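Structural characterization, general
What follows is each chain in one-letter form.
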Amino acid sequence: MSTFQAPKGTYDLIPPRSANFLAVRDAISAPLKNSGYGYIETPGFEDVALFSRGVGESTDIVSKEMYAFETKGGDKLALRPEGTASVLRAALEANLHKAGNLPVKLWYSGSYYRYEKPQAGRYRHFSQVGAEAIGTEDPALDAELIILADQAYRSLGLRQFRILLNSLGDKECRPVYREALQTFLRDLELDEETRRRIEINPLRVLDDKRPDVQKQLTGAPMLRDFLCDACKAYHEEVRDLLTAAGVVYEDDEKLVRGLDYYTRTTFEFVHDGLGSQSAVGGGGRYDGLSEMIGGPSLPSAGWALGVDRTVLALEAEGIELGIPATTSVYAVPLGDEARRVLFGLVTELRKAGIATDFAFGGRGLKGAMKNANRSGARYTIVAGERDLAEGAVQLKDMESGDQEPVALDALVATVQAKLA
Ligand code: AMP
């Protein structure tokens, strides 16, 4: 071990488990690529004000969890705690909303940073794959996003997840509800911090997990009863489209989510095998965000799915992704001359698209064969001076143990045919 360890709240992705992370990213992005979403990549840090304005001063993410810093040049930046604000900032900056048809559909994959109290499933550095559809108000778009996330999880074999769905209203009906809720909450017996929260973000109080708080919340006004007709109709349409698509969801009137920018549709994917950090992904509609960060009115919707927690969910369900061994062929030279020849053959096989590895370091046959076994390779090529004198190598089938000589110039074609 070295003197150094991964910083608190972080961990390294290491083979073979790291292959699951790649597979999860692929599985989540595949339905998006298949549905008109283009890939976007933004910097790992942004102007800190983008997040304080976009995500919201009153959220834990901004007020407590942001890695904010000042550069040597005096710029105030923050490591990104989430993806939506950055993606919208980039889309506006590139004028994507003016360049072509709306919605602008984008997907991303990357690292996010929150100064959280670390626990299982909650880290200071984590990874998300996300989707944003910018510039269109259409219940079918909200439904599309939920259907694609559902498809992603199902394609991984996940079954023990549930979709929670709610509507947070819009700028017409939410303020009316907010005030009614505040009036109700102000009469409760709550601690200082929660009382402060009533004034800045009362909907978040509904999210409080403490049983004594939950008990007092019985009889609280519910947003459902305050939704304006337009929001109600919109929400009904989203629900109908999901049902028609065969996507099962649960109405959850208390689902508010931790970011300020959501309007109307909000949803969360929870997994029942994960304990307290059960949210594997979430998202919703954010019609006001563009204006909040200085852009034009651009009603939009999106989601972000957590890669770390999705991998944990796979493990909780005991799902093996059946990722095939990456190496198909392993080359073991016996002696210096064979080393040079086989190394050349390895490059040829790789150029032909065959995943090949080589016994480096000049170890003996026994050690090299052990490595060949560990690599999961289907075939091993072994050659010594005598084989080479005959213009051949020995091709060994690692499953049956059969071995046969193959002429040097026929090797690539022979291996290709056997693997096909
Ligand atoms: P959020 O932006 O908070 O809605 O997060 C979306 C998803 O990202 C969550 O459902 C989690 O799967 C994942 N996520 C958020 N915060 C963390 C964290 N601290 N550690 C691991 N995963 C996280």
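These notes cover the structure that comes with them.

Brief notes about the packing of helix H7 (residues 174-186) against helix H8 (residues 192-200)
One way to put it is that H7 packs onto H8 with a least axis distance of 9 Å and a crossing angle of 160°. With respect to their mutual orientation, H7 and H8 come out roughly antiparallel. Crossing hand, H7 versus H8: left-handed. Contacts from Arg178, Gln182, Leu185 and Arg186 of H7 reach H8 at Arg195, Ile198, Glu199 and Ile200. When grouped by side-chain class, the residues that make up the contact of H7 with H8 number 3 nonpolar, 1 polar and 4 charged.

Observations regarding the site of the ligand
What surrounds the ligand is a group of 14 residues, the closest being Glu116, Tyr123, Gln128, Arg257 and Val280. Taking Gly306, its main chain carries an N or O atom lying 3.4 Å from an oxygen atom of the ligand. Protein burial of the ligand: of its 480 Å² of free accessible surface, 93% is covered by the chains. Sorting the residues of the shell around the ligand by element identifies strand S6 (125-134), strand S10 (279-285) and strand S11 (300-306) as the ones contributing at least two each. For the shell around the ligand, the element with the highest residue contribution is S10, accounting for 3 residues. Tallied by class, residues from the shell around the ligand come to 5 nonpolar, 4 polar and 5 charged.

Section: the sheet that holds strand S3 (residues 68-70)
The antiparallel open sheet is built from 3 strands, whose spatial order is S2-S4-S3. The sheet is open, and its two borders are formed by strand S2 (45-47) and S3, each paired with just one other strand. Here the average twist between neighbouring strands, direction ignored, is 35°. Note: S2 against strand S4 (residues 76-79), 3 bridges, orientation antiparallel. The residue bridging Asp47 from the neighbouring strand is Leu77, located in S4. Seen against the sheet, helix H2 (residues 48-56) touches S2, S3 and S4 and runs at an angle of roughly 80° to S2.

Topic: the pattern of salt bridges
Counting across every chain of the model gives 31 salt bridges. Among the ionic pairs, Glu193 bridges to Arg197, the shortest N-O distance being 3.9 Å. Within this pair, Glu193 and its partner Arg197 are both found in helix H8, separated by 4 residues, close to a single helical turn. Since its relative accessible area comes to 38%, Glu193 is described here as partly exposed. When the shortest N-O distance is used, the salt bridge between Arg239 and Asp251 registers 2.6 Å. Taken together, the positions of Arg239 in helix H10 (residues 229-244) and Asp251 in strand S8 (residues 250-251) put the pair 12 residues apart, joining distant regions of the chain. For Arg239, a relative accessible area of 18% gives the class buried. By sharing partners, the salt bridges in this structure join Asp60, Lys64, Glu193 and Arg197 into a single network.

Criteria and thresholds
- Residues numbered from 1 in each chain as written.
- Predicted model: local features only at pLDDT ≥ 70, side-chain atom pairs only at ≥ 80, totals over all residues.
- Heavy atoms only, no water.
- Axes fitted to C-alpha atoms, helices over the stretch in contact; angles between N-to-C directions.
- Helix = DSSP H or I, 4+ residues; strand = E, 2+ residues; numbered from the N terminus.
- Parallel < 35°, antiparallel > 145°, perpendicular 65-115°, else oblique.
- Left-handed = near helix turned anticlockwise from the far one by under 90°.
- Contact = heavy atoms within 4.5 Å.
- Nonpolar A, V, L, I, M, F, W, Y, C, P; charged D, E, K, R; others polar.
- Near = heavy atom within 4 Å.
- Polar contact = N/O pair within 3.5 Å; in protein donor to acceptor, adjacent residues only side chain to side chain.
- Areas by Shrake-Rupley, 256 points an atom, 1.4 Å probe, with all protein chains shown as cover.
- Pairing = 2+ DSSP bridges.
- Salt bridge = Lys/Arg side-chain N within 4 Å of Asp/Glu carboxyl O.
- Buried < 20%, exposed > 50% of the residue type's maximum accessible area, 1.4 Å probe, protein only.

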